[in-house]
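Analysis of the macromolecular model
What follows is the residue order along each chain.
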Amino acid sequence: MRKAKEIIRTVISVLAAIIFFFLLYIVLAFAAIPAAALAIAMYFGMYFLLKPRTRIGNVEVDQMRGGEDSLRLMEEARADLASMEKNLPQIRSQTVAQSAAGLARTGSKILANLTEHPEKISGARRFADYYLDMAEKLESKYIDFQNNGITEGYPEDIMGQIGDALEVLNTAFEKQLTRLTEGELMEVAADIKVLRQTLKMEGDS
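These numbers were taken from a predicted model, which means no experiment stands behind them. (Residues numbered from 1 in each chain as written. Predicted model: local features only at pLDDT ≥ 70, side-chain atom pairs only at ≥ 80, totals over all residues. Heavy atoms only, no water.)

**Notes on the side chain of arginine 9**
The residue arginine 9 is located in helix α1 (residues 2-27) in this model. The class for arginine 9 is buried, based on a relative accessible area of 11%. At a separation of 2.7 Å, a polar atom in the side chain of arginine 9 contacts the main-chain carbonyl oxygen of tyrosine 47. (Helix = DSSP H or I, 4+ residues; strand = E, 2+ residues; numbered from the N terminus. Buried < 20%, exposed > 50% of the residue type's maximum accessible area, 1.4 Å probe, protein only. Polar contact = N/O pair within 3.5 Å; in protein donor to acceptor, adjacent residues only side chain to side chain.)

Here's what the structure looks like:
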């Protein structure tokens with residue numbers, strides 16, 4: 001999708017430059033070299049103007065410190081979460097399915113919070129880069145083992161170990177969500193305190 005948009009952006013810029021050149025050279029009788037120089041300037045101007053304004057929530061990526069890196073993290077995190085949600089119906093074990101569903105729910109809440117507050121993304125790097133990625137890989141491996149029966153003969157219960165690991169990840173996901181929302185809860189509590197003080201002062205006046 002991004003590559004297709006880039007191609008369209010380039011094509012429009014080239015066409016605008018060509019039309020501008022012919023307008024200057026043929027209609028306005030400019031000399032070829034000045035007309036070409038102005039057409040090149042037109043190309044770069046159009047290319048810049050057509051640059052897509054990528055956003056995370058309501059914040060433009062270009063305006064964020066480390067914006068491109070934050071955008072990459074969010075795109076990879078959304079891809080992992082989408083894969084987890086897609087794989088859920090394939091899990092036969094009810095216990096493992098519940099763990100995986102819990103991960104998907106909490107992961108969705110975390111990404112929604114990060115989208116609303118992009119400034120928090122850098123602080124959630126380990127969640128996006130490691131925990132969410134690991135959850136998606138373990139879930140996919142569980143389904144592969146389940147469908148192919150390749151754990152037969154293993155001395156250890158690989159399927160059970162993956163189920164336990166998903167439970168551990170559930171705890172990690174919940175802690176991450178708590179860390180993200182704690183600051184907001186404190187802000188709301190502070191606002192309520194100020195409101196009460198204001199109402200009390202107005203009542204005394």
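Text resumes after the structure shown.
**Here's the deal with the confidence of the model for the chain**
When pLDDT is averaged along the chain, the result is 82; 80% of the residues meet or exceed 70. Predicted confidence in the chain is weakest over strand β2 (residues 59-60), with a mean pLDDT of 64, and strongest over helix α4 (residues 94-116), with 92. (pLDDT = per-residue confidence, 0-100.)

**A closer look at the nonpolar core**
Of all hydrophobic cores here, the largest spans 30 residues; its most connected members are Leu103, Leu111, Leu114, Phe127 and Leu166. Here the element with the most residues in this core is helix α5 (residues 125-148); it accounts for 8 residues. (Core = buried A, V, L, I, M, F, W, Y, C linked by side-chain atoms within 4.5 Å.)

**Some remarks on unusual backbone geometry**
In the Ramachandran plot, alanine 29 falls in the positive-phi region, its phi being about 60° despite a non-glycine side chain. For alanine 29, a relative accessible area of 62% translates into the label exposed.

**Topic: the environment of glycine 123**
As for its placement among the helices and strands, glycine 123 is situated in the loop between α4 and α5. Residues glycine 123 and arginine 179 lie 56 residues apart in sequence; the distance between their C-alpha atoms is 9.6 Å.

**As for the packing of aromatic side chains**
In total, this model carries 6 aromatic pairs according to the counting rule given. Judged by centre distance (5.0 Å) and plane angle (75°), the ring pair of phenylalanine 127 and phenylalanine 173 falls under edge-to-face. A residue pair is termed long-range when its members are at least 10 positions apart, and phenylalanine 127 in helix α5 and phenylalanine 173 in helix α6 (residues 158-204) qualify at 46 residues. Here tyrosine 130 and tyrosine 131 contribute two aromatic rings whose centre-to-centre distance is 5.3 Å and whose plane-to-plane angle is 70°, an arrangement assigned as edge-to-face. With relative accessibility at 25%, the residue tyrosine 131 sits in the partly exposed group. Through a chain of ring-to-ring contacts, the aromatic side chains of Phe21, Phe22 and Tyr25 assemble into a single cluster. Taking the ring centre of tyrosine 47 as reference, the NZ or CZ of arginine 9 above it sits at 3.6 Å. Sitting above the plane of the tyrosine 130 ring, arginine 126 keeps its charged end 4.7 Å from the centroid. (Phe/Tyr/Trp six-rings, centres within 6.5 Å; stacked < 30°, edge-to-face > 60°. Lys NZ or Arg CZ within 6 Å of the ring centre and 35° of its normal.)

**Here's the deal with the pattern of salt bridges**
Per the counting criterion, the structure on display carries 3 salt bridges. Put simply, glutamate 76 and arginine 72 hold a salt bridge, and the shortest N to O gap is 3.0 Å. Taken together, the residues span about one helical turn, with glutamate 76 and arginine 72 both in helix α3 (residues 67-87) at a distance of 4 residues. A residue is classified by how much of its surface remains accessible, and glutamate 76, at 35% relative accessible area, is partly exposed. Where aspartate 129 meets arginine 125, a salt bridge forms, and the shortest distance between an N and an O atom there is 3.8 Å. Of this pair, aspartate 129 and arginine 125 both sit in helix α5, 4 residues apart, which is roughly one turn of that helix. Accessibility expressed as a relative area gives 34% for aspartate 129, which makes it partly exposed. (Salt bridge = Lys/Arg side-chain N within 4 Å of Asp/Glu carboxyl O.)

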